[in-house]
Amino acid sequence: NAGVMQNPRHLVRRRGQEARLRCSPMKGHSHVYWYRQLPEEGLKFMVYLQKENIIDESGMPKERFSAEFPKEGPSILRIQQVVRGDSAAYFCASSRGTSYNSPLHFGNGTRLTVT
Amino acid sequence: AQSVTQLGSHVSVSEGALVLLRCNYSSSVPPYLFWYVQYPNQGLQLLLKYTSAATLVKGINGFEAEFKKSETSFHLTKPSAHMSDAAEYFCAVSEGDYKLSFGAGTTVTVRA
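Residues numbered from 1 in each chain as written. Chains lettered and ligands numbered in written order. Predicted model: local features only at pLDDT ≥ 70, side-chain atom pairs only at ≥ 80, totals over all residues. Heavy atoms only, no water.

Residues and elements named next belong to chain A. Taken together, four strands build an open sheet; the order of strands is β1-β3-β8-β7 and the sheet is antiparallel. In this open sheet, the two strands that pair with only one neighbour each are β1 (5-7) and β7 (65-68). Mean inter-strand twist for the sheet, computed between neighbouring axes without regard to direction, equals 15 degrees. Here four bridges tie β7 to strand β8 (residues 75-79), and the two strands are oriented antiparallel to one another. Looking across to β8, one finds that F65 is bridged to I79. (Pairing = 2+ DSSP bridges. Helix = DSSP H or I, 4+ residues; strand = E, 2+ residues; numbered from the N terminus. Axes fitted to C-alpha atoms, helices over the stretch in contact; angles between N-to-C directions.)

Structure (structure tokens):
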């Protein structure tokens with residue numbers, strides 16, 4: 001049973017370019033979450049999605065960041081016009097539900113470096 | 001608002017010694033508490049969780065944590081460290097919904 005799959009593992013972008021991070025949740029999971037980990041910090045919640053719906057994007061920066069979870073295919077976190085401060089590890093997690101009985105399963109992350 | 005504070009960003013222990021990682025939380029409602037472990041270049045793996053049942057929670061790899069409401073703490077322990085325990089450990093709190101608030105993490109190194 002494959003876990004949460006994220007790709008790419010490493011992504012290098014120049015300032016001003018776009019970054020696209022992909023996440024395929026575990027089989028049977030319809031809830032997807034994105035978290036960002038800055039150096040020397042814990043993970044910070046960004047966005048929670050279900051199929052075709054953004055449920056909570058309270059942790060997303062207001063500009064340049066967007067996320068989607070289409071009916072078919074992986075969830076995408078998109079960062080437009082990247083800046084050096086966007087350099088971080090971005091983790092996707094998935095779950096069956098939203099209660100404490102539905103623990104989050106994390107992917108191995110995408111490490112974004114902006115040069 | 002919920003939050004956690006992990007005391008000590010780095011802990012070094014000898015192989016076979018006790019591992020103690022400290023976590024204090026703040027929450028306006030009875031919290032759900034979690035410990036996760038992160039190995040280099042990997043995602044987070046759930047070690048254990050507290051969900052208002054027993055206050056002493058046993059997890060994987062010999063770890064356990066005790067919920068102490070009076071101290072607002074949820075410290076993680078392992079009686080005897082193994083080299084494979086070297087990793088970063090995160091405490092997290094949830095107020096019952098989907099959103100976890102993580103501490104800044106504690107890196108554990110194990111000396112032979």
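Bringing the interface of chain B and chain A into the picture now. Opposite the 19 residues of chain B that make contact, chain A presents 22 residues. Counting each side, the surface lost to burial between chain B and chain A is near 1700 Å², with a carbon and sulfur contribution of 55%. When residues of chain B are sorted by the area they lose upon contact with chain A, N41, Y98 and F102 of chain B head the list and together hold 33% of the total. Two residues, D56 of chain A and K99 of chain B, come together in a salt bridge whose shortest N-O distance is 3.0 Å. Counting the contacts that link chain B with chain A gives five residue pairs in polar contact (both at pLDDT 80 or more). Looking at the side of chain B that touches chain A, the elements with two or more residues in it are β4 (32-38) and β5 (44-50) of chain B. Looking at side-chain class alone, the side of chain B that touches chain A contains nine nonpolar, seven polar and three charged residues. (Contact = heavy atoms within 4.5 Å. Buried area = accessible area lost by both parts, 1.4 Å probe. Salt bridge = Lys/Arg side-chain N within 4 Å of Asp/Glu carboxyl O. Polar contact = N/O pair within 3.5 Å; in protein donor to acceptor, adjacent residues only side chain to side chain. Nonpolar A, V, L, I, M, F, W, Y, C, P; charged D, E, K, R; others polar.)

Residue and element names in this part refer to chain B. Strand order in the open sheet formed by five strands is β1-β3-β8-β7-β6, and the pairing between neighbours is antiparallel. Both outer strands of the open sheet, β1 (3-7) and β6 (56-58), are each paired with one neighbouring strand and no more. Direction aside, neighbouring strands of the sheet carry axes that sit 20 degrees apart on average. In this structure, strand β3 (residues 19-26) lies alongside strand β8 (residues 73-78), joined through four bridges in antiparallel fashion. Of the residues in β8, the one forming a bridge with L20 is T77.

All names here are of chain A. On the secondary structure map, Q17 appears in the loop between β2 (10-13) and β3 (19-24). Relative accessible area serves as the criterion here: at 34%, Q17 is assigned to the partly exposed category. Between the alpha carbons of Q17 and Q81 there is a distance of 4.9 Å; along the sequence they are 64 residues apart. Sequence-distant contacts of Q17, that is, excluding residues within four places in its chain, are made with I79, Q80, Q81 and V82. (Buried < 20%, exposed > 50% of the residue type's maximum accessible area, 1.4 Å probe, protein only.)

The final tally for this structure, using the stated rule, is 13 aromatic pairs over all chains. Ring centres of F106 of chain A and F102 of chain B lie 6.2 Å apart, and the angle between their planes is 75 degrees; this geometry places the pair in the edge-to-face category. With one member in each of two chains, F106 of chain A in strand β10 (residues 105-106) and F102 of chain B in strand β10 (residues 101-102) form a pair that bridges those chains. The same class applies to F106 of chain A and to F102 of chain B, which are both buried. Pairing Y36 of chain B with F102 of chain B gives two aromatic rings, centres 5.7 Å apart and planes at 55 degrees, and the pair type is tilted. (Phe/Tyr/Trp six-rings, centres within 6.5 Å; stacked < 30°, edge-to-face > 60°.)

Attention shifts here to the environment of L18 of chain B. All names here are of chain B. With respect to the helices, strands and loops of the structure, L18 is situated in the loop between β2 (10-14) and β3. Taking relative accessible area as the criterion, L18 reaches 51% and is therefore assigned exposed. Distance in space between the C-alpha atoms of L18 and F63 is 11 Å, their sequence separation being 45 residues. Among all residues touching L18, those that are not within four sequence positions of it are V13, T77, K78 and P79.

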